Amino acid sequence: MQQVDLTTLIALIGELRKQWIPARLEQVYQCDRNTVKLALRTLQKRGWLTLSWHPQAARIGMGEAPPRVPDTFTFSQQLIHQLNGFALVAVEQISPWERVVDLQFAQRPQEPPQWHLYVEIMGKYSNVILTTADRTIVTAAHQVSANQSRVRLIQTGKPYELPPQL
């Protein structure tokens, strides 16, 4: 599978803004260790947003509904616990040349975001991180300790830091 490049990501962000803002989050389903799907509903339609942090195939995009088998992953349970019923109110690229997307969720479409779901599409360093409005990490698909990285920690309760510049 070809990796998501910056041009594709910018086009996808434009499509999500145009067709899926605002949208209510109805379901979260984790298909495997590296992929989670979010069920979004607008006034006109319902669709599944796929978020993947796979080292060779990290991606974000609208996709098919997941299979009907039980979801036993902790990450998806944490996402549904925090985000269920919230509205996706914004989709932002964090800076012009970064492949990090900020999905912002609020109680209602006109309110400021209470949750940020950062989707980092960066090859083997890809990740999905849920933070509060003040950027405190609530959960992450892949936590990174001090033993794993000297550059950037990703752990529950710590402040979210943007990835280092290239």
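Here the structure is shown first, and the text comes after it.
Everything numeric in this text was worked out from a predicted model, so none of it was measured.

A. Spatial organisation of helix 1 (residues 6-20). The end-to-end C-alpha distance of helix 1, which contains 15 residues, comes to 20 Å, matching closely the 21 Å that a straight helix rising 1.5 Å per residue would cover. Those residues of helix 1 not exposed but buried are Leu6, Leu9, Leu12, Ile13, Leu16 and Trp20. The buried side chains of helix 1 occupy one side of the element, clustering within an arc of 120° when seen end-on. Seen from the open side of helix 1, the exposed residues pointing more than 90 degrees away from its buried face are Thr7 and Lys18. Buried residues along helix 1 sit in contact with strand 1 (23-32), strand 2 (35-41), strand 3 (46-52), strand 4 (59-63), strand 5 (87-93) and strand 6 (100-106).

B. Quick peek at the nonpolar core. Among the nonpolar cores identified, the biggest contains 32 residues, and Leu51, Ile60, Leu103, Phe105 and Leu117 are the most heavily contacted of them. The element best represented in this core is helix 1, accounting for five residues. Those residues in contact with Leu51 that lie beyond four places of it in its chain are Asn34, Thr35, Val36, Leu38, Arg59, Ile60, Leu103, Leu117, Val119 and Val128. In this structure, Met122, Ile137, Ile154 and Tyr160 belong to the second largest nonpolar core, which totals nine residues.

C. Molecular detail of the packing of aromatic side chains. A full pass over the atoms with the stated rule returns two aromatic pairs. When the centroid spacing of 5.5 Å and the interplanar angle of 75° are considered together, the rings of Trp53 and Phe75 count as edge-to-face. Taken as a pair, Trp53 in the loop between strand 3 and strand 4 and Phe75 in helix 2 (residues 74-83) lie far apart in primary sequence, 22 residues in all. For the pair shown, Trp53 and Phe75 are each scored as buried. Centroid distance Tyr118 to Tyr160: 4.1 Å. Interplanar angle 10°. Geometry classified as stacked. Taken together, the residues Tyr118 in strand 7 (residues 115-120) and Tyr160 in the segment after strand 9 (137-140) connect sequence positions 42 residues apart. Tyr160 sits in the buried class, given a relative accessible area of 4%.

D. Up close: the sheet that holds strand 9. Spatially, 4-3-2-1-5-6-7-8-9 is the arrangement adopted by the nine strands of the open sheet, whose pairing is antiparallel. The strands lining the two open edges of the sheet, one partner per strand, are strand 4 and strand 9. Going across the sheet, the axis of each strand differs from the next one's by a mean of 25°, ignoring polarity. Relative to strand 8 (residues 127-132), strand 7 is paired through six bridges, and the arrangement is antiparallel. Paired with Val119 across the strands is Val128, a residue of strand 8. In the packing of helix 1 onto the sheet, the strands contacted are strand 1, strand 2, strand 3, strand 4, strand 5 and strand 6, and the crossing angle to strand 5 comes to about 155°. Those strands touched by helix 2 are strand 1, strand 2, strand 6, strand 7, strand 8 and strand 9, and its axis lies near 170° from that of strand 1.

E. Summary view of the environment of Gln56. In this structure, Gln56 sits in the loop between strand 3 and strand 4. Note: C-alpha distance between Gln56 and Lys124 (68 residues apart in sequence) is 6.6 Å.

F. Just unusual backbone geometry, in detail. Residue Pro22 is reached from Ile21 by a cis peptide bond, and omega for that bond is -10°. Structurally, Pro22 is set in the loop between helix 1 and strand 1.

G. Quick peek at the pattern of salt bridges. Counted under the stated rule, the structure contains four salt bridges. Across the pair Glu26 and Arg46 runs a salt bridge whose closest N-O atoms are separated by 2.7 Å. Linking Glu26 in strand 1 with Arg46 in strand 3, this pair joins segments that are 20 residues apart in sequence. Looking at Arg46, the relative accessible area reads 36%, which means it is partly exposed.

Rules used throughout
- Residues numbered from 1 in each chain as written.
- Predicted model: local features only at pLDDT ≥ 70, side-chain atom pairs only at ≥ 80, totals over all residues.
- Heavy atoms only, no water.
- Helix = DSSP H or I, 4+ residues; strand = E, 2+ residues; numbered from the N terminus.
- Expected span 1.5 Å × (residues − 1).
- Buried < 20%, exposed > 50% of the residue type's maximum accessible area, 1.4 Å probe, protein only.
- Arc of directions from axis to C-beta.
- Contact = heavy atoms within 4.5 Å.
- Core = buried A, V, L, I, M, F, W, Y, C linked by side-chain atoms within 4.5 Å.
- Phe/Tyr/Trp six-rings, centres within 6.5 Å; stacked < 30°, edge-to-face > 60°.
- Pairing = 2+ DSSP bridges.
- Axes fitted to C-alpha atoms, helices over the stretch in contact; angles between N-to-C directions.
- Salt bridge = Lys/Arg side-chain N within 4 Å of Asp/Glu carboxyl O.

Remember that the coordinates give geometry; whether it matters functionally is a separate question.
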